[in-house]
Amino acid sequence: MSIHIGAPDGAVAETVLLPGDPLRAQFVAENYLEDVTQYNAVRGMLGFTGTYQGVPVSVQGSGMGMPSLAIYATELITAYHAKRLIRIGSCGSIQESLHLRDIVLAMAASTDSAMNRMRFHGMDYAATAGWNLFRTAVDVLESKGLPFLAGNILSSDTFYNDDPDLWKVWQTHGVLAIEMETNQLYTLAARYGVEALTFLTVSDSLVTGEEMSSAARQSSFHDMVESALTVAHRLGAGPAGK
Ligand code: HPA
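Here is what the cut-offs are and how they apply
- Residues numbered from 1 in each chain as written.
- Predicted model: local features only at pLDDT ≥ 70, side-chain atom pairs only at ≥ 80, totals over all residues.
- Heavy atoms only, no water.
- Phe/Tyr/Trp six-rings, centres within 6.5 Å; stacked < 30°, edge-to-face > 60°.
- Buried < 20%, exposed > 50% of the residue type's maximum accessible area, 1.4 Å probe, protein only.
- Helix = DSSP H or I, 4+ residues; strand = E, 2+ residues; numbered from the N terminus.
- Expected span 1.5 Å × (residues − 1).
- Contact = heavy atoms within 4.5 Å.
- Near = heavy atom within 4 Å.
- Polar contact = N/O pair within 3.5 Å; in protein donor to acceptor, adjacent residues only side chain to side chain.
- Areas by Shrake-Rupley, 256 points an atom, 1.4 Å probe, with all protein chains shown as cover.
- Salt bridge = Lys/Arg side-chain N within 4 Å of Asp/Glu carboxyl O.
- Core = buried A, V, L, I, M, F, W, Y, C linked by side-chain atoms within 4.5 Å.
- Axes fitted to C-alpha atoms, helices over the stretch in contact; angles between N-to-C directions.
- Parallel < 35°, antiparallel > 145°, perpendicular 65-115°, else oblique.
- Left-handed = near helix turned anticlockwise from the far one by under 90°.
- Nonpolar A, V, L, I, M, F, W, Y, C, P; charged D, E, K, R; others polar.

**Observations concerning the packing of aromatic side chains**
- Overall, the coordinates contain four aromatic pairs when judged by the stated rule.
- Relative to Y125, the ring of F120 lies with its centre 4.7 Å away and its plane at 10°, an arrangement referred to as stacked.
- Taking the relative accessible area as the measure of exposure, F120 reaches 24% and is therefore partly exposed.
- Here Y125 falls in the partly exposed class, since its relative accessible area comes to 30%.

Right, dumping it as structure tokens:
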């Protein structure tokens, strides 16, 4: 048991997929995993463990934003011994070369948050993806023939902002897209000596103002989930709870 996850020891697999939306966690569990058990409903932040092609995998809602994700990531690692955390989320593109439905692999996550400024006493930290997860994901995406870009993203504390041009300084420095969680996911994974990776699908473009239809959202979500599960499978997580 931990404060925000009401599960017994051993309920969580070594590999955990982390969508922001708990209903997405339920959707993944019900549509992609076998032998599923729900291990968490505290605060409605649903968590499930099942198997994917015989390999134990958990899927846990993280909520939106870094403070929420940090709670679940910390408890999954420290109380439930998760070893590989794979975020599956959406992002807003800030580069013309990155189109709706494309997949982004976050090599690194910059941030406008103060969370790491507190942790590192005002100094900067380069929050980067876990190498094994990253190189496996590149291999999986290439072998599936799915279009993707890998690079730096921005994890922002704000979705709505009074300054409509704030993102442009990140654009001119090559940052691909904006979301709200990965910088803390990568920081905490490093802090506790585990691996993390973020897959994102582009749901909107700050450059063109385009937004994905809900049908397109569903099919690009499918490509990302299957890719993340294939990574989990290839890295062959041990039995739940080990
Ligand atoms: N900003 C932040 N998070 C997001 C966005 C965005 O434009 N799109 C999807 N997640």
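**Looking at the environment of E14**
- By the secondary structure assignment, E14 is in the segment before β1 (15-19).
- Using a relative accessible area of 14% as the deciding quantity, one classes E14 as buried.
- Separated by 31 residues in the primary sequence, E14 and M45 have C-alpha atoms spaced 19 Å apart.

**Side note on helix α4 (residues 131-144)**
- Given a rise of 1.5 Å per residue, 14 residues ought to cover 20 Å, and the 20 Å separating the end C-alpha atoms of α4 matches this to within 8%.
- Every buried residue of α4 is listed here: L133, F134, T136, A137, V138, V140 and L141.
- Of the surrounding elements, those touching the buried residues of α4 are β5 (84-93), β6 (103-111), β8 (148-155), β10 (195-205) and α7 (214-234).
- Backbone geometry just after α4 places G145 at a positive phi near 70°.

**Some thoughts on the site of the ligand**
- In the neighbourhood of the ligand, the contacting residues comprise S90, C91, G92, F159, I178, E179, M180, S203, D204 and L206.
- Between the ligand and S90, the relevant distance is 3.5 Å, taken from a nitrogen atom to a main-chain nitrogen or oxygen of the residue.
- Here the ligand has 260 Å² of accessible area as a free molecule, and 87% of this is covered by the chains.
- Every element with two or more residues in the shell around the ligand is listed here: β5, β9 (177-179) and β10.

**A short note on helix α2 (residues 66-78)**
- Taking 1.5 Å per residue as the helical rise, α2 with its 13 residues ought to reach 18 Å, and the 17 Å between its terminal C-alpha atoms agrees with that figure.
- Burial in α2 covers these residues: M66, S68, L69, A70, Y72, A73, E75, L76 and I77.

**Topic: the pattern of salt bridges**
- By the definition in use, this model includes six salt bridges.
- Among the salt bridges present, the one from E14 reaches R84, with a minimum N-O distance of 3.3 Å. Residue E14 is found in the segment before β1, and its partner R84 is found in strand β5; the two are separated by 70 residues along the sequence.
- Classification of R84 as buried rests on a relative accessible area of 14%.
- Connected via shared salt-bridge partners are R87, E179 and E181.

**Some remarks on the nonpolar core**
- Formed by 67 residues in total, the largest nonpolar core has its most connected members in L17, L76, L85, I88, Y186, L197 and F199.
- When residues in this core are grouped by element, the largest group, seven residues, is from α7.
- Look past the residues within four positions of Y186 in its chain and what remains in contact with it is A106, M107, A108, A109, A127, T128, A129, A196, L197 and T198.
- Judged by nonpolar contacts, the second largest core, of five residues, contains I94, L154, W167 and I178.

**Regarding the packing of α4 against α7**
- Two numbers describe how α4 lies on α7: the axes approach to 9 Å, and their chain directions differ by 125°. In terms of orientation, α4 and α7 fall into the oblique class. Crossing of α4 against α7: the hand is right-handed. Contacts from L133, T136, A137, D139, V140, L141, S143 and K144 in α4 reach E226, S227, T230, V231 and R234 in α7.
- Each residue belonging to the contact of α4 with α7 can be placed in one class, and the counts come to five nonpolar, four polar and four charged.

**Here we look at the side chain of T187**
- Within the secondary structure, T187 sits in helix α6 (residues 182-192).
- Using a relative accessible area of 2% as the deciding quantity, one classes T187 as buried.
- Looking at T187, its side chain comes within polar contact range of the side chain of N116, at 2.9 Å.
- Each residue touching T187, except ones within four places of it in the same chain, is listed here: N116, R119, F120, Y125 and A127.

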